[in-house]
Amino acid sequence: MKALSIHNLQKTYGNGFQALKGISLDVKEGDFFALLGPNGAGKSTTLGIVCSLVRKTGGKVSIFGVDIDDDFAKAKQLIGVVPQEFNFGVFEKVEDIVLTSAGYQGLTLKEARPRAEQLLRDLGLWDKRHAQARMLSGGMKRRLMIARALVHRPKLLILDEPTAGVDIELRRSMWSFMQEINRQGTTIILTTHYLEEAESLCRNIAIIDKGEIIKNTSMKALLAEL
Ligand code: ADP
Ligand code: ADP
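Under an unreviewed UniProt entry, the name given to the protein is ABC transporter ATP-binding protein, and the source organism is Marinospirillum insulare.

Right, here's the structure in full:
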């Protein structure tokens with residue numbers, strides 16, 4: 001089964017800039033996959049389209065066989081997303097953010113509460129559950145976004161630069177958390193510009209540059225070439 005299938009994906013932004021020039025890519029179920037490439041290559045645009053945050057201008061995307069044009073709601077349920085940037089409202093509390101997201105995904109509060117608790121504990125945020133999200137450190141905000149992305153138990157977790165700006169110790173603990181989630185069966189796709197991060201975590205990679213895929217191979221094969 002393919003967790004993600006992208007065919008001839010194109011994006012031209014409103015200002016006429018062609019960010020994706022017809023890329024094709026498959027990610028297998030259970031994979032830990034990295035989308036690599038320099039700043040401005042088109043990584044966030046690609047993931048934005050997969051999560052339906054960005055409108056594509058051409059091509060096809062399906063998530064576990066569900067075409068995002070046919071059943072956007074179903075596709076959305078299958079995905080958990082951790083965006084690169086996020087803003088929290090003035091009074092939003094940590095636990096409520098996770099519970100609200102669960103609510104959007106159709107979970108009852110009774111179902112959501114124990115899941116939110118488990119995730120916040122696993123991510124070291126339980127003591128902060130009543131804190132205002134806005135006041136958390138950058139690393140905590142990112143872990144909160146991971147809890148929020150996982151509460152509905154998506155089959156595919158998408159992380160855009162998950163450890164950007166995070167110190168080395170926290171980065172390592174986030175790596176082991178992601179590895180554990182992957183071991184439990186969640187397919188993971190992340191973007192990163194740290195090759196070391198992809199090397200430690202990912203089995204397969206694609207490199208994108210100027211809106212085109214210039215390499216799509218296993219991490220092993222890539223390292224053998226370097
Ligand atoms: P679309 O063509 O998908 O409707 P737009 O061109 O309307 O997208 O831009 C969407 C948003 O992204 C706008 O708020 C715009 O200000 C912002 N934006 C514009 N240029 C850039 C850029 N180079 N990088 C990131 N964001 C941008
Ligand atoms: P990456 O995630 O690889 O850094 P992005 O997908 O964010 O790259 O951006 C790809 C290109 O598209 C960049 O040149 C960026 O400036 C441009 N871009 C991104 N968003 C917009 C937008 N809303 N409007 C116009 N150009 C954009």
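Having seen it, we continue.
Attention now moves to the overall build of the protein. When you go through the protein residue by residue, the secondary structure sums to 8 helices and 10 strands. For the protein, the C-alpha radius of gyration of 17 Å lies close to 17 Å, the compact-globule estimate for 226 residues. Put simply, the protein has 226 residues, and 49% of those count as buried. A sequence separation of at least 24 residues applies to 67% of the contacts in the protein between residues at least 6 apart. A total of about 11200 Å² of accessible surface is found on the protein, and carbon and sulfur atoms cover 48% of it. Across the protein, 31 positive and 26 negative side-chain charges occur, with their mean positions spaced 2 Å apart.

Let us look at the pattern of salt bridges. Counting across every chain of the model gives 10 salt bridges. A salt bridge links Arg203 to Asp31; its shortest N-O distance comes to 3.8 Å. In this pair, Arg203 is assigned in the loop between helix H7 (195-201) and strand E9 (204-209) and Asp31 in the loop between strand E2 (18-28) and strand E3 (32-36), connecting sequence segments 172 residues apart. Taking the shortest distance from any N to any O, the salt bridge between Arg121 and Glu117 comes out at 2.8 Å. Of this pair, Arg121 and Glu117 both sit in helix H4 (residues 109-122), 4 residues apart, which is roughly one turn of that helix. Here Glu117 falls in the partly exposed class, since its relative accessible area comes to 29%.

In this model helix H5 (residues 138-150) runs 19 Å from its N-terminal to its C-terminal C-alpha over 13 residues, within 8% of the 18 Å that 1.5 Å per residue would give. Taken across its 13 residues, H5 has 10 buried, putting it largely inside the fold. Within H5, burial applies to Gly139, Met140, Arg142, Arg143, Leu144, Met145, Ile146, Ala147, Ala149 and Leu150.

Parameters at a glance
- Residues numbered from 1 in each chain as written.
- Chains lettered and ligands numbered in written order.
- Predicted model: local features only at pLDDT ≥ 70, side-chain atom pairs only at ≥ 80, totals over all residues.
- Heavy atoms only, no water.
- Helix = DSSP H or I, 4+ residues; strand = E, 2+ residues; numbered from the N terminus.
- Rg over C-alpha atoms; globule rule 2.2 N^0.38 Å.
- Buried < 20%, exposed > 50% of the residue type's maximum accessible area, 1.4 Å probe, protein only.
- Contact = heavy atoms within 4.5 Å.
- Areas by Shrake-Rupley, 256 points an atom, 1.4 Å probe, with all protein chains shown as cover.
- Lys, Arg positive; Asp, Glu negative; His and termini not counted.
- Charge placed at Lys NZ, Arg CZ, Asp CG, Glu CD.
- Salt bridge = Lys/Arg side-chain N within 4 Å of Asp/Glu carboxyl O.
- Expected span 1.5 Å × (residues − 1).

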